[in-house]
Amino acid sequence: MTLVLSPAPRGSSWPRPPKALPAARLGEPPAGARVTVAGLVLVRQRPGTAKGVIFVTLEDETGTANVVVWAQVYERFRRAVIAGRLLRVTGRLQREAGVVHVVADVIEDLSGLLDRLLDPGFRPDGVRAGDQP
């Protein structure tokens, strides 16, 4: 799989995940909308009472996104779910009792982008993902 980065603002070398909705804007699309979110993995939970469902919490600089991974999707993207440090998730937006979740259809491991932060020539540009259109 080849990763294509979205253009960095102002000629920056900052590694940007390809287009994703910032967590702070998850309240905007209607329930059932197909959305993409990206962020660092904060938590992975697989409660014994959840019948194989995994709950993942992602964080970008605007907030957190709750992701629901059903067993069937987990089997397709097992490696990314288990080992990914930076994930991009595409799925359907779900709202229940005031809580917003993204029910995952596709999970991509973008952890390789984090390694670019170790590049000796890396210089942060001060632009945040939430500043993207």
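Here the structure is a predicted model, which means the values were calculated and not measured.

The rules we used
- Residues numbered from 1 in each chain as written.
- Predicted model: local features only at pLDDT ≥ 70, side-chain atom pairs only at ≥ 80, totals over all residues.
- Heavy atoms only, no water.
- Salt bridge = Lys/Arg side-chain N within 4 Å of Asp/Glu carboxyl O.
- Buried < 20%, exposed > 50% of the residue type's maximum accessible area, 1.4 Å probe, protein only.
- Helix = DSSP H or I, 4+ residues; strand = E, 2+ residues; numbered from the N terminus.
- Phe/Tyr/Trp six-rings, centres within 6.5 Å; stacked < 30°, edge-to-face > 60°.
- Lys NZ or Arg CZ within 6 Å of the ring centre and 35° of its normal.
- Pairing = 2+ DSSP bridges.
- Contact = heavy atoms within 4.5 Å.

### Quick word on the pattern of salt bridges
And step 1. Summed over the entire model, instances satisfying the criterion amount to 5 salt bridges.
And step 2. R78 is the partner of E75 in a salt bridge, and the nearest nitrogen-oxygen pair spans 2.9 Å.
And step 3. Judged by its relative accessible area of 48%, E75 falls in the partly exposed class.
And step 4. Between R88 and E108 there is a salt bridge, with the nearest N and O atoms lying 2.5 Å from each other. Pair noted here: R88 is in strand 4 (residues 86-96) and E108 is in strand 5 (residues 99-109), with a separation of 20 residues, a long-range link.

### Digging into the packing of aromatic side chains
And step 1. As enumerated under the stated definition, the model contains 0 aromatic pairs in all.
And step 2. The ring of Y74 carries R46 above its face, with NZ or CZ at 4.8 Å from the centroid.

### Re the pairing of strand 2 (residues 54-60)
And step 1. Buried residues dominate strand 2, accounting for 5 of its 7 residues.
And step 2. In this structure, strand 1 (residues 34-45) lies alongside strand 2, joined through 5 bridges in antiparallel fashion. What sits directly across from R44, in strand 2, is V56.
And step 3. Sheet analysis places strand 2 next to strand 3 (residues 63-69), joined by 7 bridges and oriented antiparallel. Bridge pairing in strand 3 links V56 to V67.
And step 4. Where strand 2 folds back on strand 3, the antiparallel hairpin that results is connected by 2 residues.

### Here's the deal with the environment of L26
And step 1. Considering the arrangement of structural elements, one finds L26 in the segment before strand 1.
And step 2. Owing to a relative accessible area of 5%, L26 belongs among the buried residues under this scheme.
And step 3. Separated by 11 residues in the primary sequence, L26 and V37 place their C-alpha atoms 8.8 Å from one another.
And step 4. Setting aside its immediate chain neighbours within four residues, L26 contacts L21, V35, V37, A65, L93, R95, V100 and V102.

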